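Tertiary structure, described
Listed here are the chains, written in short residue letters.
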Amino acid sequence: MHTSVASIVEEGSLLPEIGTLTNQSVDTSSYHSFMGIVSASPKMLKAFELVKRVATTNSTILVLGESGTGKELIARAIHRLSQRTGKLVPVNCGAIPEDILESELFGHEKGAFTGAISSRMGRFEMANGGTIFLDEIGEMSPKLQVKLLRVLQERRIEPVGSTRSIDLDVRVITATNKDLREEVKAGRFREDLYYRLQVVPVNLPPLRERDNDIAVLSKYFMDQSCKSMSKGTIGFSPEVQQRFSAYSWPGNVRELENLVERLAILCDGKNVQLSDLPDYLFGDSNTSGAMLPVVADIPEDGIDFNELINDYEKQLITTALEKTGGNKKAAAKLLNLNRTTLVEKIKKKGLNSSIEVLRERN
Ligand SMILES: Nc1ncnc2c1ncn2[C@@H]1O[C@H](COP(=O)(O)OP(=O)(O)O)[C@@H](O)[C@H]1O
Ligand SMILES: [Mg+2]
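Residues numbered from 1 in each chain as written. Chains lettered and ligands numbered in written order. Predicted model: local features only at pLDDT ≥ 70, side-chain atom pairs only at ≥ 80, totals over all residues. Heavy atoms only, no water.

Comments concerning the overall build of the chain
Quick note on the threshold: Comment: elements are numbered from the N terminus, with helices defined as DSSP H or I runs of at least four residues and strands as E runs of at least two. Per-residue accessibility, obtained with a 1.4 Å probe over protein chains only, is compared with the maximum for each type, and a residue is labelled buried under 20%, exposed over 50%, and partly exposed between these values. Any two residues whose heavy atoms approach within 4.5 Å are treated as being in contact.
Secondary structure summary: the chain contains 16 helices and twelve strands in total. The buried share of the chain, taken over its 362 residues, is 48%. When contacts within the chain are restricted to residue pairs at least 6 apart in sequence, long-range pairs at least 24 apart make up 72% of them.

This is how it looks when you write it as structure tokens:
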């Protein structure tokens, strides 16, 4: 349990095969693979550390993050590290209608309701000795929230239409892309259940906020796809890399993974070019749009000032560099910054990767 944890995080190197990125100062030089979850982002590494620490306990874990950020992967990693002998049983609470969800979770007896022609074991019972993963917990109806709270307190379920109760040993992991605190404030989510679930919250940042991960993961998925198709390695042109890092990736890693898989199939050349990309990638952008941040209000629990400022600086710098084809001197002029100040900021914010190549080309 203690020794295996260290070997779970392997350091990898992308450098030898990074395609057109020949500059050795690129920030995509190394990444971590934690139980198959690939990242070079400090925020993600922090999440991995937390997961390693809590996996072997029985504590209830709430995984928070936008859709496609890897919440299910994290749940699976926790279960595998926990060394619990039972199964991991996932339930998507958002996809199942309320009345069906109840018997899905807790099981039912024969004749419990119309159509219950035989008794059926619920997912909680299936997860006995293992882990239940309740995905999209923010979608759960108030009625079921009450029942779930009771189950968590008593560690015991009562199948629908049954008078017997079953004692369980189940590790509970939940996930949501909603802001549960907001849901509590709005009266849609029970506060007592919220506190019960978020004993250990694990936050997964959106892809656009993970330094270098767009470059690291696009390369990683491309290599995987090419390998599975027994195709030679395909890289990304610097312009494509720029576009990737400027795009906001609303579907996060899932979106990137699907796109790269499609590109791997369709691309015949050595490098993916801008013309290979679908139109929507040019419509939405991380970097263009409103030039002035709108500060409508500051929520009661505050904001992360430094992070917001950092994001905004990154956006301005990337926009300027895109406009100047990666020319730092021209970009500095656009921004009214000293060149050295800009260079320093680029380095600090991990924006160097594709810029270097673009600059050399221009
Ligand atoms: N860091 C990562 N490294 C490798 N694959 C990832 C990573 N994050 C997500 N994925 C992949 O992206 C897809 C979405 O991940 P998933 O865990 O289902 O996200 P979520 O549950 O947050 O919607 C899956 O195919 C998963 O394997
Ligand atoms: Mg999911």
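Remarks on the site of ligand 1
Cut-off, in case you're wondering: Note on definitions. A residue lies near a molecule or strand when any single heavy atom of the residue is within 4 Å of it. Pairs of N or O atoms within 3.5 Å make up the polar contacts considered here, provided that, within protein, one atom can donate a hydrogen while the other can accept it, and that residues adjacent in sequence are counted only when both atoms are side-chain atoms. Shrake-Rupley sampling with a 1.4 Å probe provides the accessible areas, and residues are treated as covered by the protein chains on show and by no other component.
Taken together, 16 residues surround ligand 1, and among them V38, G68, K71, R254 and E257 come closest. G68 places a main-chain nitrogen or oxygen 2.7 Å from an oxygen atom of ligand 1. With respect to ligand 1, the backbone of T69 contributes an N or O atom lying 3.2 Å from an oxygen atom. Relative to its unbound accessible area of 560 Å², ligand 1 is 85% covered by the protein chains. Of all elements in the fold, only β3 (37-39), α3 (71-82), α9 (213-228) and α11 (252-266) reach the threshold of two or more residues within the shell around ligand 1.

Overview of the nonpolar core
As a rule of thumb, soluble globular proteins bury nonpolar side chains together. Rule in force here: By convention a nonpolar core is built from buried Ala, Val, Leu, Ile, Met, Phe, Trp, Tyr and Cys residues, the set being connected through side-chain atoms within 4.5 Å.
Membership of the largest hydrophobic core comes to 31 residues, with the highest contact counts inside it found for L105, F124, I132, L134 and I137. Only β4 (61-64), β5 (88-92), α4 (98-106), β6 (131-135), α6 (142-154), α7 (180-185) and α8 (191-197) provide two or more residues apiece to this core. For this core, the element with the highest residue contribution is α6, accounting for five residues. Among residues more than four places away in sequence, those in contact with I137 are L62, L148, T174, A175, T176, L180, F189 and L197. If you look at the next biggest cluster of nonpolar residues, it comprises 27 residues, including V38, I214, C226 and F236.

Some thoughts on the packing of helix α14 (residues 328-335) against helix α15 (residues 339-348)
Rules: As a rule, the C-alpha atoms of each element are fitted with a line to give its axis, helices using only the stretch in contact, and angles between N-to-C directions run from 0 to 180 degrees. By the definition adopted for this analysis, an angle is roughly parallel if under 35 degrees, roughly antiparallel if over 145, roughly perpendicular if from 65 to 115, and oblique otherwise. Amino acids are sorted into nonpolar (Ala, Val, Leu, Ile, Met, Phe, Trp, Tyr, Cys and Pro), charged (Asp, Glu, Lys and Arg) and polar (every other residue, Gly among them).
Contact geometry of α14 with α15 gives a least axis separation of 9 Å together with a crossing angle of 105°. Put simply, α14 runs roughly perpendicular to α15. Side by side, α14 and α15 meet where K328, K329, A331, A332 and L335 of the first sit next to R339, L342, V343 and I346 of the second. Classifying every residue of the contact of α14 with α15 by side-chain character gives six nonpolar, no polar and three charged.

Examining the side chain of K71
For clarity, the cut-off: Here Asp and Glu are counted as negative and Lys and Arg as positive; His is not counted, and neither are the chain ends. Here a salt bridge means any side-chain nitrogen of Lys or Arg lying within 4 Å of a carboxyl oxygen belonging to Asp or Glu.
Assignment of secondary structure puts K71 in helix α3. Within the buried core, K71 has no salt-bridge partner, and the shortest N-O distance to an opposite charge, that of D135, equals 5.5 Å. Once residues lying within four places of it in the same chain are set aside, the contact partners of K71 are V63, L64, G65, E66, F133, A175, T176, N177 and L204.

Here we look at the sheet that holds strand β10 (residues 200-203)
Sheet strands line up and pair through hydrogen bonds in the backbone, either parallel or antiparallel. What counts is decided by this rule: We treat two strands as partners when DSSP finds at least two bridges between them.
Strand order in the open sheet made by the five strands is β5-β6-β9-β4-β10, with parallel pairing throughout. Single-partner strands in this sheet number two, and they are β5 and β10. Going across the sheet, the axis of each strand differs from the next one's by a mean of 20°, ignoring polarity. Sheet topology places β4 next to strand β9 (residues 171-176); four bridges connect them, and they run parallel. Paired with L64 across the bridge in β9 is T176. With respect to the sheet, helix α2 (residues 42-55) is in contact with β4, β9 and β10, its orientation differing from that of β10 by roughly 150°.

Examining the packing of aromatic side chains
Quick reminder of the rule: A pair of Phe, Tyr and Trp rings is counted when the ring centres sit within 6.5 Å of each other, with Trp represented by its six-membered ring. The angle between the planes then sorts it: under 30 degrees is stacked, over 60 is edge-to-face, the rest tilted.
For the structure on display, the rule yields eight aromatic pairs. Arranged with centres 4.7 Å apart and planes meeting at 25°, the rings of F34 and F48 form a pair that is stacked. Pair noted here: F34 is in strand β2 (residues 30-34) and F48 is in helix α2, with a separation of 14 residues, a long-range link. In this pair, the class of F34 matches that of F48, namely buried.

As far as function goes, none of this settles anything; it's purely spatial.
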